[in-house]
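Here is what each chain is made of, one letter per residue.
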Amino acid sequence: MESKYNYFKRDISWLSFNYRVLLEALDERLPLYERINFISIYSSNLEEFYKIRVADHKAVASGATESDEETVQSARELVEEINKEVTRQLDDRVRIYEQKILSALRKNHIIFYQDNHVEPFHQQFIKDFFREEIFPYLQPVPVSKDKIVSFLRDNRLYLAIRVYPKKEEKNKGEETKENIEKYTGECINERNDGEGIKVGMEAARPNVTDLRQPLYFVMKQPYAKVPRFIELPSREKNHYLMFTEDIIKANLNLIFPGYDVDSSYCIKISRDADILIDDTASSADLVAQLKKKVKKRKIGDVCRFVYDRAMPSEFLDFLVDAFRIQRDELVPGDKHLNLEDLRHLPNPNKSLHSLEKPKPMKLTVLDEKESIFNYVAKKDLLLYYPYHSFEHFIHFLYEAVHNPETREIMVTQYRVAENSAVINTLIAAAQNGKKVTVFVELKARFDEENNLATAEMMQAAGIKIIYSIPGLKVHAKVALIRRRGLNGEKIPSYAYISTGNFNEKTATLYADCGLFTCRKEIVADLYNLFRTLQGKEDPKFTTLLVARFNLISELNRLIDREISLADEGKQGRIILKMNALQDPTMIDRLYEASEHGVQIDLIVRGICCLIPGQSYSRNIRVTRIVDSFLEHARIWYFGNDGTPKVFMGSPDWMRRNLYRRIEAITPILAPDLRDSLIEMLNIQLADNQKACWVDDKLQNIFKKRTPGTPTVRAQYTFYDWLNKTNS
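It should be emphasised that the depicted structure is a prediction, and the values quoted were computed from it without experimental measurement.

(A) Quick peek at the pairing of strand S6 (residues 238–243). Counted residue by residue, S6 has five buried out of six residues, so it is predominantly covered. By the bridge criterion, four bridges tie strand S1 (residues 110–113) to S6 in an arrangement that is parallel. Paired with Ile110 across the strands is His239, a residue of S6.

(B) Region of interest: the packing of aromatic side chains. Taken as a whole and assessed by the stated rule, the structure comprises 40 aromatic pairs. On the numbers, 3.8 Å between centres and 15° between planes, the contact of Tyr216 with Phe318 is stacked. Here Tyr216 is found in strand S4 (residues 215–220), whereas its partner Phe318 is found in helix H9 (residues 313–322), with 102 residues between them in sequence. In terms of burial, Tyr216 and Phe318 fall into one category: buried.

(C) Structural view of helix H19 (residues 714–724). Inspection of H19 places Ala714, Gln715, Tyr716, Phe718, Tyr719 and Leu722 among the buried residues, and these make up the whole buried set. In this structure, the buried side of H19 is in contact with strand S10 (381–385), strand S21 (620–625), strand S22 (630–631) and helix H18 (671–686).

(D) Geometry of the side chain of Ser493. Note that Ser493 resides in the loop between strand S15 (477–483) and strand S16 (494–498). A distance of 3.0 Å separates a polar side-chain atom of Ser493 from the backbone nitrogen of Arg483. The contact partners of Ser493, leaving out residues within four places of it in the chain, are Ile481, Arg482, Arg483, Thr517, Cys518 and Val523.

(E) View of the sheet that holds strand S2 (residues 141–143). The sheet built from six strands is open, its strands ordered S2-S4-S3-S7-S8-S9 with mixed pairing. Looking at strand neighbours, the two that pair on one side only are S2 and strand S9 (330–333), the edges of this open sheet. With strand direction ignored, the average angle separating the axes of adjacent strands in the sheet is 35°. Note that strand S8 (residues 302–308) and S9 share four bridges and pair parallel. Residue Phe305 lies in a different strand from S9, and its bridge partner there is Leu330. Taken strand by strand, H9 contacts S2, strand S3 (158–165), S4, strand S7 (259–271), S8 and S9, and its axis lies near 110° from that of S3.

(F) Structural detail: empty space enclosed by the protein. Within this structure, the stated rule accounts for five cavities of 30 Å³ or more. Of the pockets and cavities examined, the largest cavity occupies roughly 170 Å³. Together, 19 residues line the largest cavity, and Leu46, Leu90, Arg93, Arg304 and Val306 are the ones closest to its centre. For the lining of the largest cavity, the elements supplying multiple residues, two or more each, are helix H2 (32–61), helix H3 (72–107), S8 and S9. The greatest single-element share of the lining of the largest cavity, amounting to four residues, is contributed by H2. Residues belonging to the lining of the largest cavity are distributed by class as follows: nine nonpolar, four polar and six charged. By volume, the second largest cavity amounts to about 90 Å³. In terms of lining residues, the second largest cavity is bounded by 14 residues, among which Tyr387, Ala511, Glu631, Met680 and Gln684 are the most central.

(G) Seen up close, the environment of Thr506. Structurally, Thr506 is set in the loop between S16 and strand S17 (510–517). For the pair Thr506 and Leu630, spaced 124 residues apart in sequence, the C-alpha to C-alpha distance is 9.3 Å.

(H) Expanded view of the pattern of salt bridges. Enumeration according to the criterion identifies 47 salt bridges in this entry. Among the ionic pairs, Asp652 bridges to Arg634, the shortest N-O distance being 3.1 Å. One end of the pair, Asp652, is in the loop between strand S24 (645–649) and helix H17 (655–659); the other, Arg634, is in strand S23 (residues 634–638), with 18 residues separating them in the sequence. Side by side, Asp652 and Arg634 carry an identical accessibility label, which is buried. Shared partners join several salt bridges into a network, and the residues in it are Arg20, Glu24, Asp27, Arg29 and Lys690.

Parameters at a glance
- Residues numbered from 1 in each chain as written.
- Predicted model: local features only at pLDDT ≥ 70, side-chain atom pairs only at ≥ 80, totals over all residues.
- Heavy atoms only, no water.
- Buried < 20%, exposed > 50% of the residue type's maximum accessible area, 1.4 Å probe, protein only.
- Helix = DSSP H or I, 4+ residues; strand = E, 2+ residues; numbered from the N terminus.
- Pairing = 2+ DSSP bridges.
- Phe/Tyr/Trp six-rings, centres within 6.5 Å; stacked < 30°, edge-to-face > 60°.
- Contact = heavy atoms within 4.5 Å.
- Polar contact = N/O pair within 3.5 Å; in protein donor to acceptor, adjacent residues only side chain to side chain.
- Axes fitted to C-alpha atoms, helices over the stretch in contact; angles between N-to-C directions.
- 1 Å grid on protein atoms, 1.4 Å probe; cavity = no way out; pocket = protein on both sides within 12 Å on 5 of 7 lines; lining within 4 Å.
- Points joined across faces, edges and corners; volume = space filled by probe spheres on them.
- Nonpolar A, V, L, I, M, F, W, Y, C, P; charged D, E, K, R; others polar.
- Salt bridge = Lys/Arg side-chain N within 4 Å of Asp/Glu carboxyl O.

Keep in mind that these numbers describe shape and distance, not what the molecule does.
Now the structure itself:
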């Protein structure tokens with residue numbers, strides 16, 4: 001039966017989120033290099049989006065794979081819609097970068113050359129730098145439609161170059177600047193070593209009546225040997241930067257001495273990075289598959305061919321034919337591609353201040369002398385990262401290692417940092433005679449190799465490793481410390497349930513929370529969950545909500561309760577904070593609740609397929625927050641007639657999370673901790689600096705501060721609140 005409700009398309013909604021990231025580059029209240037970093041994040045996000053999501057749609061569109069969710073035709077239409085929206089966003093990215101960022105750099109005495117006139121005092125430096133530092137690593141490769149062409153590597157920047165053989169001496173001088181300008185309308189720039197150059201402005205093009213045949217080359221940029229950005233000598237108050245490819249463009253005549261260089265443009269290819277594995281395979285087979293297939297990620301099918309949109313059509317047509325590019329793979333870009341590299345842009349002006357982000361605080365009740373075990377034995381503890389220090393969790397594991405009553409440590413691993421302190425502590429526990437069991441999710445995209453390597457290292461240290469469950473991903477972020485008294489008496493064990501990974505690096509960048517508790521009902525449920533991961537039983541959970549077991553039924557019960565309250569004339573209230581909302585079944589339940597008068601606020605960072613502003617969603621508001629930290633926590637509030645129920649855990653409301661993964665959610669039972677989560681939700685809903693409404697056209701509508709009301713920047717306001725309560 002067809003639903004009476006409508007939904008945003010998942011990928012178009014994600015593009016709306018990524019566009020919101022780009023808009024941070026416009027915020028002049030931010031330090032300049034923070035704004036530049038948001039352009040980098042936007043570009044990096046888009047690259048991964050094409051490698052995974054667009055690649056999947058293209059596989060369906062080509063008939064290479066089948067999908068229950070889309071037809072060949074709908075997949076083709078969606079790819080076209082995605083490319084159209086990305087092209088629109090690119091226009092804004094170019095405008096923001098060229099008109100706002102570059103001008104702001106100039107105001108701060110940083111001149112970032114962009115294919116324009118290079119000052120005379122830098123011309124010799126550019127020539128010398130090219131000859132000494134770049135030229136030895138360049139290797140132009142000819143391109144021909146009739147021969148095997150070179151393989152373009154994934155996400156590598158190439159220069160596509162068109163040249164003409166030099167004319168015989170007797171023909172020299174027959175063409176003048178005037179004839180060429182007459183036929184081409186191009187400005188000509190002499191490339192004369194003695195008179196200076198204009199970087200990026202191409203050499204004189206042949207007359208249209210010229211019968212010489214063009215030759216084409218591609219040349220990989222040597223960024224493994226040379227930085228992407230080069231600092232040039234300063235002059236008076238000014239500092240100067242230049243793209244490496246612009247230095248190369250300025251010296252192409254030295255690379256092709258027997259040719260007239262016509263033009264050059266940047267190109268890049270994005271390749272399908274998804275790994276298709278037999279999800280029903282045994283653990284041993286899965287490990288073997290991943291080791292083999294991860295190595296092939298960089299040679300996947302083309303999903304995007306990005307080119308400088310200034311490239312002439314006949315030049316582009318040649319490349320399309322030569323590299324056998326499909327037209328729906330073409331995505332026009334700017335003259336400088338791979339702007340994710342901007343995160344490495346040098347800052348030669350040391351007077352430019354950096355953003356003063358909140359520094360992770362240590363709880364005063366958990367100083368170095370205080371045992372976390374002793375504290376949590378008395379009351380639950382809730383930490384908010386990155387506002388609280390992740391060192392508290394490391395200390396928790398460290399205590400378990402050295403506590404003689406620790407019987408076993410059990411942890412899930414989804415994404416961990418390289419040279420992880422968490423992993424090193426677990427290895428120390430095994431070496432200290434503790435029983436350590438780690439469930440390793442091998443199918444964590446882009447972390448497969450790191451997870452394999454750390455798993456093998458832990459296994460070598462004596463840790464029991466359990467690999468991925470066939471047909472499922474384990475996304476729960478949980479740890480369990482099982483204890484028993486030295487004389488066999490029962491003593492408290494400890495459970496830890498988090499919204500984020502056990503990763504000390506992302507714990508400084510992602511806004512998450514983690515609960516420590518000794519409550520017997522939660523400890524017992526978590527132990528049952530780990531037994532399930534080992535394939536030992538089909539458990540019943542009394543307190544935890546676990547996806548694929550009791551989560552959906554409990555969510556339906558909670559929503560039904562709010563609907564009943566609204567029907568009775570009482571207040572029905574729901575607040576849901578998450579990264580993504582996509583599952584149509586749960587969206588329908590929210591639409592239904594709205595129709596009954598339940599007031600619903602959604603704080604959704606990324607994908608949100610629910611459409612606000614419709615008759616059936618008139619009581620639903622969607623807020624999006626993008627700021628210094630990546631909002632990553634999943635927190636759910638149900639009003640329950642004045643006795644709120646609050647939950648936190650690992651899942652978003654995506655189909656995959658609710659039905660195809662193992663996820664763990666805990667109720668917050670301590671009243672003071674429940675109130676602190678409610679305070680955070682209220683602060684986020686009050687944000688009038690970094691929060692947007694998402695409207696029925698997927699536009700990001702910035703919330704405005706009402707005159708006379710306080711300024712609320714949620715991440716910073718909540719940090720101040722935590723700091724005041726840190727006693």
